Amino acid sequence: MPLCLGIETSCDETALALVEDGKLVAQRMATQAAAHNIFGGVVPELACREHLRAIDLLYKDLFQENNIHDVDVVAVARGPGLLGSLLVGMSYAKGIVLSTGTAFVGVNHLHAHLLAPLLEAEIPFPALGVLISGGHTILYNMDSPYDFILLGQTLDDAAGEAFDKAAKTLNLPYPGGRYIDKLAAMAIPDTAMFPRPYINNPGLDFSFSGIKTALVQHVQANPFLRTPKMVNSLQELGYALKDPFHMKELAKVCASFNWAVADTLRIKVERAFKTKAKKAKSLVLAGGVAANSMIRNTITQTAKRLNLTCVLPKPDLCTDNAAMIALTGELYFKKGLVHDLNLDAIPRGRKIPWDFKPK
Ligand code: KG4
Ligand code: ZN
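Residues numbered from 1 in each chain as written. Chains lettered and ligands numbered in written order. Predicted model: local features only at pLDDT ≥ 70, side-chain atom pairs only at ≥ 80, totals over all residues. Heavy atoms only, no water.

Caption draft 1: Geometry of the packing of helix 5 (residues 159-169) against helix 7 (residues 209-221). Contact geometry of helix 5 with helix 7 gives a least axis separation of 10 Å together with a crossing angle of 10°. Considered as vectors, helix 5 and helix 7 are oriented roughly parallel to each other. Here helix 5 contributes Lys165, Ala166 and Thr169 to the contact with helix 7, which in turn contributes Lys212, Leu215, Val216 and Val219. A class-by-class count of the residues in the contact of helix 5 with helix 7 yields four nonpolar, one polar and two charged. (Axes fitted to C-alpha atoms, helices over the stretch in contact; angles between N-to-C directions. Helix = DSSP H or I, 4+ residues; strand = E, 2+ residues; numbered from the N terminus. Parallel < 35°, antiparallel > 145°, perpendicular 65-115°, else oblique. Contact = heavy atoms within 4.5 Å. Nonpolar A, V, L, I, M, F, W, Y, C, P; charged D, E, K, R; others polar.)

Caption draft 2: Summary view of helix 7. Look at helix 7: 19 Å from first C-alpha to last across 13 residues, which is about the 18 Å you get at 1.5 Å a residue. All buried positions along helix 7 are accounted for by Ile211, Lys212, Ala214, Leu215 and Val219. An end-on view of helix 7 places all buried positions within 160° of arc, on one side of the element. In helix 7, the exposed positions angled more than 90 degrees off the buried face are occupied by Gln217, Gln220 and Ala221. Elements that come into contact with the buried residues of helix 7 comprise helix 5 and helix 9 (244-275). (Expected span 1.5 Å × (residues − 1). Buried < 20%, exposed > 50% of the residue type's maximum accessible area, 1.4 Å probe, protein only. Arc of directions from axis to C-beta.)

Caption draft 3: Summary view of the pairing of strand 6 (residues 127-132). Buried residues dominate strand 6, accounting for six of its six residues. Side-chain alternation along strand 6 places Ala127, Gly129 and Leu131 on one buried face and Leu128, Val130 and Ile132 on a second face that is also buried. Here strand 6 runs beside strand 7 (residues 137-144); their pairing, made up of six bridges, is antiparallel. From the neighbouring strand, Leu131 faces strand 7, where its bridge partner is Ile138. Where strand 6 folds back on strand 7, the antiparallel hairpin that results is connected by four residues. (Pairing = 2+ DSSP bridges.)

Caption draft 4: Quick look at the layout of surface pockets. For the largest pocket, the calculated volume is near 1,500 Å³. Around the largest pocket sit 50 residues that line it, and Asp12, Gly134, Pro175, Gly288 and Thr319 are the ones nearest its centre. Tallying contributions element by element places helix 5 first for the lining of the largest pocket, with six residues. Per-class residue counts for the lining of the largest pocket are 18 nonpolar, 18 polar and 14 charged. The space that makes up the second largest pocket amounts to roughly 640 Å³. (1 Å grid on protein atoms, 1.4 Å probe; cavity = no way out; pocket = protein on both sides within 12 Å on 5 of 7 lines; lining within 4 Å. Points joined across faces, edges and corners; volume = space filled by probe spheres on them.)

Caption draft 5: Geometry of the coordination of the zinc ion (ligand 2). Coordination of the zinc ion (ligand 2) by the protein involves His109 (NE2), His113 (NE2) and Asp320 (OD), with metal-donor separations of 2.1 Å. If you look at the zinc ion (ligand 2), its four donor atoms make angles of 92 to 147° with each other, and the shape they trace is irregular. Taken in sequence order, the residues that donate to the zinc ion (ligand 2) follow the motif H-x3-H-x206-D. Of this pair, His109 and His113 both sit in helix 4 (residues 109-115), four residues apart, which is roughly one turn of that helix. Per residue, the accessibility class of His109 equals that of His113, and both read buried. (Donors = N, O, S within 2.8 Å, 3.2 Å for Na, K, Ca; no water. Tetrahedral: all angles 85-135°; square planar, octahedral: opposite > 155°, others 65-115°.)

Caption draft 6: The arrangement of empty space enclosed by the protein in detail. In this structure the tally under the stated criterion is one cavity of 30 Å³ or more. In this structure, the largest cavity spans a volume of roughly 40 Å³. Together, Gly40, Asp164, Lys168, Leu172, Pro173, Tyr174, Pro175, Gly176 and Met230 line the largest cavity. Residues that form the lining of the largest cavity fall into these classes: five nonpolar, two polar and two charged.

Caption draft 7: Summary view of the nonpolar core. In this structure, Leu128, Ile132, Leu172, Phe257 and Ile295 are the most contacted members of the largest nonpolar core, which totals 56 residues. Elements with a contribution of two residues or more to this core: strand 6, helix 5, helix 6 (177-184), helix 7, helix 8 (234-240), helix 9, strand 9 (282-286) and helix 10 (293-305). No other element matches helix 9, which puts 14 residues into this core. Formed by 38 residues, the second largest nonpolar core is a distinct cluster that contains Val105, Leu110, Ala127 and Leu327. (Core = buried A, V, L, I, M, F, W, Y, C linked by side-chain atoms within 4.5 Å.)

Caption draft 8: Local environment of the packing of aromatic side chains. A full pass over the atoms with the stated rule returns 11 aromatic pairs. Arranged with centres 5.7 Å apart and planes meeting at 80°, the rings of Phe163 and Phe257 form a pair that is edge-to-face. Placement of Phe163 in helix 5 and of Phe257 in helix 9 is noted, with a sequence separation of 94 residues between them. Of the residues examined, Phe257 reaches a relative accessible area of 0% and is grouped as buried. Their ring planes at 35° and their centres at 5.9 Å tell us that Phe224 and Phe245 sit as a pair that is tilted. Highlighted residues: Phe224 in the loop between helix 7 and helix 8 and Phe245 in helix 9, separated in sequence by 21 residues. Residue classification places Phe245 among the partly exposed positions, given a relative accessible area of 46%. Connected via pairs of aromatic rings, a cluster forms that spans Tyr146, Tyr332, Trp354 and Phe356. Above the face of the Phe206 ring, Lys268 is positioned so that its terminal group lies 5.9 Å from the ring centre. (Phe/Tyr/Trp six-rings, centres within 6.5 Å; stacked < 30°, edge-to-face > 60°. Lys NZ or Arg CZ within 6 Å of the ring centre and 35° of its normal.)

Caption draft 9: Fine view of the sheet that holds strand 4 (residues 73-79). Pairing is mixed across the open sheet formed by five strands, whose spatial order is 3-2-1-4-5. Pairing within the sheet leaves two strands with one partner each, and these edge strands are strand 3 (23-31) and strand 5 (103-108). Averaged over all adjacent pairs, the angle separating strand axes in this sheet is 20°, with direction ignored. Note that strand 4 and strand 5 share six bridges and pair parallel. Paired with Ala77 across the two strands is Val107, which belongs to strand 5. On top of the sheet, helix 3 (residues 83-100) reaches strand 1 (3-8), strand 4 and strand 5; it is set at about 160° to strand 4, its chief contact. Seen against the sheet, helix 12 (residues 323-334) touches strand 1, strand 2 (13-20), strand 3, strand 4 and strand 5 and runs at an angle of roughly 135° to strand 1.

Encoded structure:
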(Lines give C-alpha, C1' and ligand atoms only; values in the text may rest on other atoms or scores of the structure.)
(Ligands and ions follow the chains in the order given, each with its own letter.)
Protein backbone atom coordinates (compact mmCIF):
# COMPACT_ATOMS: atom_id res chain seq x y z
CA MET A 1 0.00 0.00 0.00
CA PRO A 2 1.82 3.17 -1.03
CA LEU A 3 1.93 5.95 1.56
CA CYS A 4 1.68 9.31 -0.18
CA LEU A 5 2.58 12.74 1.19
CA GLY A 6 0.52 15.53 -0.42
CA ILE A 7 1.64 19.16 -0.39
CA GLU A 8 -0.72 22.04 -1.21
CA THR A 9 0.44 25.67 -1.41
CA SER A 10 -1.36 26.99 -4.48
CA CYS A 11 -3.11 29.92 -2.80
CA ASP A 12 -3.36 30.88 0.87
CA GLU A 13 -3.48 27.55 2.71
CA THR A 14 -0.27 25.70 3.55
CA ALA A 15 -1.35 22.08 3.84
CA LEU A 16 0.31 18.67 4.13
CA ALA A 17 -1.44 15.31 4.33
CA LEU A 18 -0.65 11.61 4.34
CA VAL A 19 -2.91 9.24 2.41
CA GLU A 20 -2.54 5.47 2.25
CA ASP A 21 -4.68 3.24 0.08
CA GLY A 22 -7.15 6.05 -0.58
CA LYS A 23 -7.64 6.83 3.12
CA LEU A 24 -6.52 9.91 4.99
CA VAL A 25 -3.92 9.03 7.64
CA ALA A 26 -3.21 12.52 9.01
CA GLN A 27 -3.00 16.14 7.90
CA ARG A 28 -1.75 19.54 9.01
CA MET A 29 -2.88 22.92 7.71
CA ALA A 30 -2.03 26.57 8.35
CA THR A 31 -4.49 29.09 6.99
CA GLN A 32 -3.38 32.60 6.07
CA ALA A 33 -6.86 34.14 6.02
CA ALA A 34 -6.03 36.47 8.93
CA ALA A 35 -2.88 37.78 7.17
CA HIS A 36 -4.84 38.73 4.03
CA ASN A 37 -8.07 39.79 5.70
CA ILE A 38 -7.29 43.50 6.00
CA PHE A 39 -6.35 43.66 2.31
CA GLY A 40 -9.69 42.14 1.25
CA GLY A 41 -7.99 39.48 -0.89
CA VAL A 42 -4.85 37.36 -1.16
CA VAL A 43 -1.61 39.37 -1.47
CA PRO A 44 0.70 37.06 -3.48
CA GLU A 45 3.96 38.34 -1.96
CA LEU A 46 2.62 37.83 1.55
CA ALA A 47 1.22 34.40 0.65
CA CYS A 48 4.57 32.91 -0.39
CA ARG A 49 6.34 34.29 2.68
CA GLU A 50 3.65 32.76 4.91
CA HIS A 51 3.99 29.39 3.11
CA LEU A 52 7.74 29.49 3.65
CA ARG A 53 7.28 30.24 7.35
CA ALA A 54 4.77 27.41 7.90
CA ILE A 55 5.73 24.52 5.65
CA ASP A 56 8.68 23.05 7.54
CA LEU A 57 6.94 23.34 10.92
CA LEU A 58 3.88 21.51 9.54
CA TYR A 59 6.03 18.82 7.95
CA LYS A 60 7.95 18.11 11.17
CA ASP A 61 4.78 18.08 13.24
CA LEU A 62 2.97 15.75 10.82
CA PHE A 63 5.80 13.22 10.64
CA GLN A 64 6.87 13.32 14.31
CA GLU A 65 3.37 13.17 15.79
CA ASN A 66 2.49 10.21 13.59
CA ASN A 67 5.87 8.53 14.02
CA ILE A 68 6.40 8.33 10.24
CA HIS A 69 9.91 8.37 8.79
CA ASP A 70 9.44 7.91 5.08
CA VAL A 71 6.80 7.75 2.37
CA ASP A 72 6.55 5.99 -1.01
CA VAL A 73 5.38 8.98 -3.03
CA VAL A 74 5.55 12.76 -2.70
CA ALA A 75 2.71 14.57 -4.51
CA VAL A 76 2.60 18.32 -4.92
CA ALA A 77 -0.01 20.72 -6.32
CA ARG A 78 1.75 22.01 -9.46
CA GLY A 79 -0.94 24.49 -10.48
CA PRO A 80 -2.93 26.36 -11.41
CA GLY A 81 -2.33 28.87 -8.64
CA LEU A 82 -0.17 31.78 -7.55
CA LEU A 83 3.27 31.10 -8.98
CA GLY A 84 5.28 32.23 -5.95
CA SER A 85 3.09 30.16 -3.64
CA LEU A 86 3.27 27.07 -5.85
CA LEU A 87 7.05 27.35 -5.98
CA VAL A 88 7.33 27.08 -2.19
CA GLY A 89 5.49 23.73 -2.12
CA MET A 90 7.22 22.57 -5.30
CA SER A 91 10.73 23.35 -4.00
CA TYR A 92 9.99 21.74 -0.65
CA ALA A 93 8.68 18.60 -2.39
CA LYS A 94 11.70 18.47 -4.72
CA GLY A 95 14.00 18.80 -1.69
CA ILE A 96 12.44 15.70 -0.11
CA VAL A 97 12.56 13.78 -3.40
CA LEU A 98 16.18 14.76 -4.05
CA SER A 99 17.35 13.70 -0.61
CA THR A 100 15.36 10.47 -0.34
CA GLY A 101 14.87 9.23 -3.93
CA THR A 102 11.11 8.95 -3.35
CA ALA A 103 8.75 8.85 -6.35
CA PHE A 104 7.34 12.25 -7.36
CA VAL A 105 3.97 13.27 -8.80
CA GLY A 106 2.79 16.75 -9.80
CA VAL A 107 -0.96 17.10 -9.36
CA ASN A 108 -3.45 19.35 -11.16
CA HIS A 109 -5.10 21.23 -8.29
CA LEU A 110 -8.44 21.44 -10.15
CA HIS A 111 -8.64 17.72 -10.87
CA ALA A 112 -7.67 17.02 -7.25
CA HIS A 113 -10.66 19.08 -6.03
CA LEU A 114 -13.00 16.87 -8.08
CA LEU A 115 -11.35 13.64 -6.93
CA ALA A 116 -11.41 14.65 -3.24
CA PRO A 117 -14.77 12.92 -2.63
CA LEU A 118 -13.04 9.56 -3.27
CA LEU A 119 -11.61 9.91 0.24
CA GLU A 120 -15.05 9.17 1.63
CA ALA A 121 -17.19 7.73 -1.19
CA GLU A 122 -17.24 6.10 -4.61
CA ILE A 123 -17.64 8.24 -7.73
CA PRO A 124 -19.69 6.43 -10.37
CA PHE A 125 -17.93 7.24 -13.70
CA PRO A 126 -18.54 8.81 -16.15
CA ALA A 127 -19.32 11.81 -13.99
CA LEU A 128 -20.26 15.41 -14.61
CA GLY A 129 -17.76 17.44 -12.55
CA VAL A 130 -18.71 20.89 -11.30
CA LEU A 131 -15.75 22.80 -9.89
CA ILE A 132 -16.61 26.06 -8.15
CA SER A 133 -13.76 27.74 -6.28
CA GLY A 134 -12.20 31.13 -5.64
CA GLY A 135 -10.25 31.04 -8.89
CA HIS A 136 -12.30 28.73 -11.14
CA THR A 137 -15.77 27.76 -12.28
CA ILE A 138 -15.54 24.78 -14.62
CA LEU A 139 -17.70 21.94 -15.89
CA TYR A 140 -15.90 18.73 -16.83
CA ASN A 141 -16.83 15.39 -18.28
CA MET A 142 -14.92 12.97 -16.05
CA ASP A 143 -14.63 9.60 -17.78
CA SER A 144 -12.29 8.28 -15.07
CA PRO A 145 -9.92 9.80 -12.47
CA TYR A 146 -7.44 10.27 -15.35
CA ASP A 147 -9.71 11.63 -18.10
CA PHE A 148 -11.10 15.13 -17.72
CA ILE A 149 -12.71 16.89 -20.69
CA LEU A 150 -13.51 20.58 -20.29
CA LEU A 151 -17.13 21.43 -21.16
CA GLY A 152 -17.40 25.03 -20.02
CA GLN A 153 -15.81 27.63 -17.76
CA THR A 154 -16.17 31.18 -16.57
CA LEU A 155 -15.31 33.90 -19.05
CA ASP A 156 -14.48 36.40 -16.27
CA ASP A 157 -14.92 36.05 -12.49
CA ALA A 158 -15.11 32.69 -10.76
CA ALA A 159 -18.13 31.93 -8.56
CA GLY A 160 -16.01 32.29 -5.40
CA GLU A 161 -14.56 35.55 -6.67
CA ALA A 162 -18.11 36.88 -7.11
CA PHE A 163 -18.96 35.86 -3.52
CA ASP A 164 -15.76 37.43 -2.17
CA LYS A 165 -16.17 40.68 -4.13
CA ALA A 166 -19.81 40.92 -3.04
CA ALA A 167 -18.71 40.41 0.55
CA LYS A 168 -16.05 43.09 0.17
CA THR A 169 -18.66 45.53 -1.14
CA LEU A 170 -20.72 44.82 1.98
CA ASN A 171 -17.61 45.30 4.17
CA LEU A 172 -17.65 41.65 5.28
CA PRO A 173 -14.31 39.93 5.99
CA TYR A 174 -12.23 38.06 3.42
CA PRO A 175 -12.89 35.37 2.25
CA GLY A 176 -16.50 36.44 2.36
CA GLY A 177 -18.30 33.47 0.76
CA ARG A 178 -19.07 31.80 4.06
CA TYR A 179 -20.40 35.07 5.56
CA ILE A 180 -22.81 35.48 2.65
CA ASP A 181 -23.78 31.81 3.12
CA LYS A 182 -24.59 32.34 6.82
CA LEU A 183 -26.49 35.58 6.25
CA ALA A 184 -28.38 34.02 3.34
CA ALA A 185 -29.67 31.30 5.66
CA MET A 186 -31.49 33.98 7.68
CA ALA A 187 -33.78 35.17 4.85
CA ILE A 188 -35.92 34.08 1.93
CA PRO A 189 -34.39 35.07 -1.45
CA ASP A 190 -36.06 37.67 -3.62
CA THR A 191 -35.57 35.97 -6.99
CA ALA A 192 -36.13 39.24 -8.87
CA MET A 193 -33.43 41.20 -7.01
CA PHE A 194 -30.42 40.08 -9.10
CA PRO A 195 -30.09 38.76 -12.66
CA ARG A 196 -28.91 35.20 -13.24
CA PRO A 197 -25.88 36.03 -15.36
CA TYR A 198 -25.18 34.68 -18.83
CA ILE A 199 -27.98 32.13 -19.01
CA ASN A 200 -29.67 33.28 -22.22
CA ASN A 201 -27.29 31.49 -24.55
CA PRO A 202 -26.94 27.84 -25.54
CA GLY A 203 -23.41 27.42 -24.12
CA LEU A 204 -21.92 25.92 -20.98
CA ASP A 205 -19.70 28.88 -20.07
CA PHE A 206 -20.34 31.22 -17.15
CA SER A 207 -19.93 34.92 -16.48
CA PHE A 208 -20.19 36.19 -12.91
CA SER A 209 -18.88 39.75 -13.26
CA GLY A 210 -22.33 41.18 -14.09
CA ILE A 211 -24.00 39.95 -10.93
CA LYS A 212 -21.23 41.51 -8.88
CA THR A 213 -21.86 44.87 -10.59
CA ALA A 214 -25.60 44.50 -9.95
CA LEU A 215 -24.87 44.03 -6.25
CA VAL A 216 -22.51 47.04 -6.17
CA GLN A 217 -25.27 49.19 -7.73
CA HIS A 218 -27.85 47.87 -5.26
CA VAL A 219 -25.55 48.74 -2.33
CA GLN A 220 -24.85 52.21 -3.79
CA ALA A 221 -28.61 52.81 -3.84
CA ASN A 222 -28.99 51.38 -0.30
CA PRO A 223 -25.78 52.40 1.51
CA PHE A 224 -27.09 51.30 4.92
CA LEU A 225 -26.40 47.69 3.78
CA ARG A 226 -22.68 48.28 4.11
CA THR A 227 -21.41 47.81 7.65
CA PRO A 228 -19.82 51.03 8.95
CA LYS A 229 -16.55 49.21 9.70
CA MET A 230 -15.16 45.86 8.65
CA VAL A 231 -16.24 43.14 11.08
CA ASN A 232 -14.63 39.84 11.95
CA SER A 233 -17.60 37.70 12.90
CA LEU A 234 -21.36 37.53 12.50
CA GLN A 235 -21.67 38.55 16.14
CA GLU A 236 -19.64 41.70 15.49
CA LEU A 237 -21.84 42.32 12.46
CA GLY A 238 -24.89 42.18 14.74
CA TYR A 239 -23.36 44.94 16.89
CA ALA A 240 -22.25 47.02 13.90
CA LEU A 241 -25.69 46.90 12.25
CA LYS A 242 -27.69 47.95 15.30
CA ASP A 243 -30.97 48.42 13.47
CA PRO A 244 -32.66 44.97 13.06
CA PHE A 245 -34.23 46.21 9.79
CA HIS A 246 -30.73 46.73 8.32
CA MET A 247 -29.68 43.22 9.35
CA LYS A 248 -32.86 41.77 7.84
CA GLU A 249 -32.32 43.62 4.57
CA LEU A 250 -28.66 42.57 4.44
CA ALA A 251 -29.71 38.93 4.94
CA LYS A 252 -32.22 39.29 2.08
CA VAL A 253 -29.57 40.74 -0.24
CA CYS A 254 -27.22 37.85 0.59
CA ALA A 255 -29.97 35.24 0.10
CA SER A 256 -30.99 36.76 -3.25
CA PHE A 257 -27.38 36.99 -4.46
CA ASN A 258 -26.69 33.41 -3.35
CA TRP A 259 -29.88 32.21 -5.07
CA ALA A 260 -28.92 33.88 -8.37
CA VAL A 261 -25.52 32.11 -8.33
CA ALA A 262 -27.03 28.76 -7.28
CA ASP A 263 -29.76 28.88 -9.93
CA THR A 264 -27.28 29.84 -12.64
CA LEU A 265 -25.24 26.76 -11.73
CA ARG A 266 -28.41 24.63 -11.80
CA ILE A 267 -29.28 25.84 -15.31
CA LYS A 268 -25.80 25.11 -16.70
CA VAL A 269 -25.57 21.72 -14.98
CA GLU A 270 -28.94 20.66 -16.42
CA ARG A 271 -27.88 21.93 -19.85
CA ALA A 272 -24.56 20.06 -19.67
CA PHE A 273 -26.34 16.85 -18.76
CA LYS A 274 -28.81 17.25 -21.63
CA THR A 275 -26.14 18.07 -24.23
CA LYS A 276 -22.51 17.09 -23.59
CA ALA A 277 -22.70 14.79 -20.57
CA LYS A 278 -25.59 12.51 -21.53
CA LYS A 279 -23.78 9.40 -20.29
CA ALA A 280 -23.04 10.78 -16.83
CA LYS A 281 -24.00 8.53 -13.93
CA SER A 282 -23.09 11.01 -11.23
CA LEU A 283 -22.74 14.69 -10.46
CA VAL A 284 -19.63 15.70 -8.50
CA LEU A 285 -19.57 19.11 -6.84
CA ALA A 286 -16.20 20.38 -5.58
CA GLY A 287 -14.14 23.48 -4.72
CA GLY A 288 -14.50 25.99 -1.89
CA VAL A 289 -17.90 27.30 -3.06
CA ALA A 290 -19.27 23.74 -2.88
CA ALA A 291 -19.31 24.35 0.90
CA ASN A 292 -22.21 26.78 0.30
CA SER A 293 -25.45 25.50 1.84
CA MET A 294 -27.86 26.86 -0.77
CA ILE A 295 -25.71 25.58 -3.66
CA ARG A 296 -25.41 22.16 -1.99
CA ASN A 297 -29.20 21.95 -1.68
CA THR A 298 -29.81 23.13 -5.24
CA ILE A 299 -27.31 20.68 -6.73
CA THR A 300 -28.56 17.78 -4.61
CA GLN A 301 -32.10 18.39 -5.86
CA THR A 302 -30.91 18.80 -9.44
CA ALA A 303 -29.05 15.47 -9.30
CA LYS A 304 -32.16 13.79 -7.91
CA ARG A 305 -34.31 15.20 -10.72
CA LEU A 306 -31.81 14.04 -13.34
CA ASN A 307 -31.50 10.64 -11.71
CA LEU A 308 -27.77 11.10 -11.05
CA THR A 309 -25.83 10.02 -7.97
CA CYS A 310 -24.86 13.21 -6.17
CA VAL A 311 -21.30 13.20 -4.87
CA LEU A 312 -20.76 16.04 -2.42
CA PRO A 313 -17.63 16.12 -0.29
CA LYS A 314 -18.01 17.36 3.28
CA PRO A 315 -17.21 21.11 3.57
CA ASP A 316 -13.62 20.52 4.87
CA LEU A 317 -12.83 18.61 1.71
CA CYS A 318 -14.35 21.29 -0.53
CA THR A 319 -11.91 24.07 0.36
CA ASP A 320 -8.19 23.82 -0.40
CA ASN A 321 -6.56 20.90 1.40
CA ALA A 322 -3.64 18.52 0.97
CA ALA A 323 -5.64 15.31 1.40
CA MET A 324 -7.00 15.73 -2.14
CA ILE A 325 -3.45 16.20 -3.48
CA ALA A 326 -2.16 13.10 -1.66
CA LEU A 327 -5.14 11.03 -2.82
CA THR A 328 -4.67 12.07 -6.47
CA GLY A 329 -0.90 11.55 -6.24
CA GLU A 330 -1.38 8.04 -4.88
CA LEU A 331 -3.88 7.19 -7.64
CA TYR A 332 -1.50 8.40 -10.37
CA PHE A 333 1.49 6.65 -8.81
CA LYS A 334 -0.43 3.35 -8.73
CA LYS A 335 -1.23 3.86 -12.43
CA GLY A 336 2.49 4.40 -13.20
CA LEU A 337 2.09 8.15 -13.78
CA VAL A 338 5.04 10.01 -12.21
CA HIS A 339 7.25 13.06 -12.83
CA ASP A 340 10.94 13.81 -12.58
CA LEU A 341 12.61 16.81 -10.95
CA ASN A 342 12.16 18.95 -14.08
CA LEU A 343 8.49 19.38 -13.17
CA ASP A 344 7.23 22.96 -13.69
CA ALA A 345 4.80 24.94 -11.54
CA ILE A 346 1.96 26.32 -13.70
CA PRO A 347 0.36 29.68 -12.82
CA ARG A 348 -3.34 30.43 -13.20
CA GLY A 349 -4.41 30.90 -16.82
CA ARG A 350 -2.01 28.38 -18.35
CA LYS A 351 -3.06 24.88 -19.33
CA ILE A 352 -1.60 22.09 -17.21
CA PRO A 353 0.21 19.68 -19.55
CA TRP A 354 -0.18 15.90 -19.34
CA ASP A 355 3.56 15.31 -19.11
CA PHE A 356 3.96 12.24 -16.90
CA LYS A 357 7.11 10.16 -17.34
CA PRO A 358 7.08 6.36 -17.47
CA LYS A 359 7.88 4.82 -14.04
O1 KG4 B 1 -11.25 25.93 -3.41
P2 KG4 B 1 -10.88 27.07 -2.53
O3 KG4 B 1 -10.61 26.78 -1.07
O4 KG4 B 1 -9.66 27.84 -3.08
C5 KG4 B 1 -9.41 28.01 -4.45
O6 KG4 B 1 -8.79 27.11 -5.05
O7 KG4 B 1 -9.88 29.04 -4.96
O8 KG4 B 1 -12.09 28.13 -2.66
C9 KG4 B 1 -12.09 29.34 -1.96
C10 KG4 B 1 -13.38 30.06 -2.27
C11 KG4 B 1 -13.43 31.48 -1.72
O12 KG4 B 1 -13.88 32.33 -2.77
C13 KG4 B 1 -14.45 31.39 -0.60
O14 KG4 B 1 -15.17 32.59 -0.35
C15 KG4 B 1 -15.37 30.33 -1.14
O16 KG4 B 1 -14.50 29.37 -1.70
N17 KG4 B 1 -16.20 29.72 -0.08
C18 KG4 B 1 -17.54 29.85 -0.05
C19 KG4 B 1 -17.98 29.17 1.11
N20 KG4 B 1 -16.87 28.64 1.74
C21 KG4 B 1 -15.80 28.99 0.99
N22 KG4 B 1 -18.39 30.47 -0.89
C23 KG4 B 1 -19.70 30.42 -0.60
N24 KG4 B 1 -20.19 29.80 0.50
C25 KG4 B 1 -19.38 29.15 1.37
N26 KG4 B 1 -19.87 28.53 2.43
ZN1 ZN C 1 -8.75 25.24 -4.80
